[in-house]
Amino acid sequence: MTIRIETRDLGKTFAVDGRDMRAVDGVSLAIREGEFVALLGPSGCGKSTILNMIATLLPNSSGEILVDGQPIDRRRPSRNVGYVFQRDTLFPWRTVQANIGYALELAGVAADERRERTQTALAQAGLQGFGHYYPTSLSGGMRQRAALMRTLIVQPQILLMDEPFGALDTHTKLEMHRVLLNIWEREKQTVLFVTHDLGEALTLSDRIILLSARPGRIKEEFTVDFPRPRDAVTLRETPAYAALFSRIWHSLGEEFVKGAQA
Amino acid sequence: MSRLTILLWQVAIALGLAVVWEWGYSLHDRLPWLVPELLDPYFVSKPSAIYDQFLHASCLVDKRGIWNDWGNGQFSKCMARSENNLWVATLITLKNTLAGFAVGTTSGFVLGLALGRSDRLTAIFQPFIVAANSIPRIALAPIIILAFGLGDASKIVTAWLVVVFLVFFNTFEGARSVDRDHISAARLLGASEWQITRTVIVPSTMAWLFASLTPAISFALIGVILGEFIGAQQGIGRMIIEAEARGEAAGMMVAVFVLMIVGVILATIVRRVQNHLLRWRPQSAANL
Ligand SMILES: Nc1ncnc2c1ncn2[C@@H]1O[C@H](COP(=O)(O)OP(=O)(O)OP(=O)(O)O)[C@@H](O)[C@H]1O
Ligand SMILES: [Mg+2]
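What counts, and at which threshold
- Residues numbered from 1 in each chain as written.
- Chains lettered and ligands numbered in written order.
- Predicted model: local features only at pLDDT ≥ 70, side-chain atom pairs only at ≥ 80, totals over all residues.
- Heavy atoms only, no water.
- Helix = DSSP H or I, 4+ residues; strand = E, 2+ residues; numbered from the N terminus.
- Pairing = 2+ DSSP bridges.
- Axes fitted to C-alpha atoms, helices over the stretch in contact; angles between N-to-C directions.
- Contact = heavy atoms within 4.5 Å.
- Buried area = accessible area lost by both parts, 1.4 Å probe.
- Salt bridge = Lys/Arg side-chain N within 4 Å of Asp/Glu carboxyl O.
- Nonpolar A, V, L, I, M, F, W, Y, C, P; charged D, E, K, R; others polar.
- Donors = N, O, S within 2.8 Å, 3.2 Å for Na, K, Ca; no water.
- Buried < 20%, exposed > 50% of the residue type's maximum accessible area, 1.4 Å probe, protein only.
- Phe/Tyr/Trp six-rings, centres within 6.5 Å; stacked < 30°, edge-to-face > 60°.
- Lys NZ or Arg CZ within 6 Å of the ring centre and 35° of its normal.

S.K.: Before we move on, can you summarise the environment of A:E237 with the specific residues and values?
M.R.: Summarising the element assignment, A:E237 is placed in the loop between β10 (218–223) and α8 (239–261). On a C-alpha basis, the gap between A:E237 and A:H171 in space is 16 Å, while along the polypeptide they are 66 residues apart.

See below:
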């Protein structure tokens, strides 16, 4: 199978108060076409940093990043790659539908087609009737769904997601997992999904890459072979889920302790 | 407190002030310790006289105090007699205020945006801006009149001068504080540099620009009046100076009242427009 995202010995050093701080160290990973990979690790271990380097938002200090076999070009981010932020980054001065249609507008898609595709996206995200609202008058879950659709509307084949549901309550989060899994089952994008929530990683992914506490290195990898399509709620009640959960939990717990001491 | 109670209090206070203004000074000879000298109608006139003066200055009544007829041309004859009658003066002042406001906010916005987004330009121009900003703008008004003459141009330039810095500093702050994640999001969604400027930097800076528009329109009016004080042939400011030269307190007061009304109307319009354009803001912030 083709490799769509690859990093070789990727590293990042930040200068903090005149001293060098190694945030990411020697990360080599390869993600196959159509694979859903979760990047799991304690807070501050460099998950966002890795993702941002792949997304061209941040220059890397060492190593290589290849998307579809090509070294990435920081000046021209690939149109094939979509990015969903950890923070809410909807444009507050645009209505929900204007936010979702934004990328189409940039690409010069005609107004009619834009409206049609935006409406479809709104329906897909369960946001019918909210197109004319401004983001500030939506709930956090609705905003995150809108943000997801803003990225998905141009149908990127590769998705980089940075804890997109991190700020949501458990119930809303499970709802979002359902929405995301539905879309992914249909489109089979290649996904790199950052999270520090083990349950989320198990629900969504085919493979979990566990990072160590800072500096972020790959500590261990786990294959998540639960059958698909998955249901975010009932999956959690299966013994296979519980078994894998406790196995990874132990390994992850060590890193949380280290992270807290650092 | 209910709205009605509030309204009643407001009417009562206004009436009370008017009564003191109208009749207060007649008590001066008997109670000199109570009635301040400032209430002398020679300085501040009184409501009835101001109303009379308004009717005359606006050509609504003739010299004998009889209502002018529109049909037989009395009104237009009266209007033609004075090149700076109340209507013309108001119109001129209003026109120059709006022009100064438009030029001031546009140039302030463009400058603020350009410098706010360019560290290099900021580094070069910072000392000049600080120096220029520390000059009391009023001090420049006589020079502007000298350079641009007694007509409209000098008033527009004065208004521009007081508005441009206000808008510039607001826009500059706004342009600096554009959310970097918004810019990143736009770039990753395929926006070119120019598209980022147009669809992210300008709209998010606009919010800061709007915050400065209400003070800016008031400043513009101040600038125009100031210019008219120093040298003008027409305008409300000119009316005030003329009335002062003739020792006509009522004439000055009419002009002041007209300014007040113009000021309130302009500020209300700007606030309405601003609230509409900022409707995407959380309610509490937009209604400030
Ligand atoms: N621009 C920066 N300058 C200096 N240090 C930074 C910068 N960005 C991140 N860091 C540091 O690098 C480390 C990794 O940060 P990163 O944001 O990648 O963590 P994370 O794993 O995404 O954490 P979280 O789960 O809390 O989002 C942190 O210690 C952080 O303080
Ligand atoms: Mg992060």
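Now, onward.
S.K.: Mind laying out the sheet that holds strand β6 (residues 81–84) of chain A, listing which residues take part and the relevant values?
M.R.: All names here are of chain A. Strand order across the open sheet formed by 6 strands is β6-β7-β8-β3-β9-β10, with mixed pairing between neighbours. Because the sheet does not close on itself, it has two edges, and the strands there are β6 and β10. Pairwise comparison of adjacent strand axes, ignoring direction, gives a mean angle of 15° for this sheet. Across 5 bridges, strand β7 (residues 158–162) lies against strand β8 (residues 190–195) in parallel orientation. Within β8, the residue paired with L159 across the bridge is V191.

S.K.: Describe the interface of chain A and chain B, with residues and values.
M.R.: Listed as interface residues are 22 residues of chain A and, on the opposing side, 20 residues of chain B. Together, the buried faces of chain A and chain B total about 2000 Å²; carbon and sulfur atoms form 67% of this surface. In terms of surface lost to chain B, no three residues of chain A exceed A:W93, A:L106 and A:Y134, which account for 32% of the buried area on that side. Remark: the boundary between chain A and chain B carries 2 salt bridges. Linking B:D181 and A:R87 is a salt bridge whose minimum nitrogen-to-oxygen distance equals 3.0 Å. Elements represented by at least two residues in the side of chain A that touches chain B include exactly β6, α3 (102–106) and α5 (140–152) of chain A. Element by element, the count of residues in the side of chain A that touches chain B is highest for α3(A), at 3 residues. Among the residues forming the side of chain A that touches chain B, the class breakdown is 14 nonpolar, 4 polar and 4 charged.

S.K.: Give a description of the coordination of the magnesium ion (ligand 2) that names residues and reports values.
M.R.: All names here are of chain A. Taken together, S48 (OG) and Q86 (OE1) make up the full set of protein donors to the magnesium ion (ligand 2), lying 1.9 to 2.5 Å away. Taken together, the residues span a long stretch of sequence, with S48 in helix α1 (residues 47–54) and Q86 in the loop between β6 and α2 (96–100) at a distance of 38 residues. You can call S48 partly exposed: its relative accessible area is 22%. Classification of Q86 as partly exposed rests on a relative accessible area of 39%.

S.K.: Outline the packing of aromatic side chains, supporting the account with residue identities and numerical values.
M.R.: The geometry of an aromatic ring pair comes down to the distance between the two centres and the angle between the two planes. Taken as a whole, this structure holds 17 aromatic pairs over all chains when the rule is applied. With centroids separated by 6.3 Å and ring planes inclined at 20°, the aromatic side chains of B:W21 and B:F257 adopt a geometry described as stacked. Of this pair, B:W21 sits in helix α1 (residues 3–23) while B:F257 sits in helix α13 (residues 249–277), and the two are 236 residues apart along the sequence. For B:W21, a relative accessible area of 22% puts it in the partly exposed group. One aromatic cluster is present, built from ring pairs that chain together A:F36, A:F165, A:W184 and A:F193. Sitting over the ring of A:F91, A:R150 keeps its end group 4.9 Å from the ring centre.

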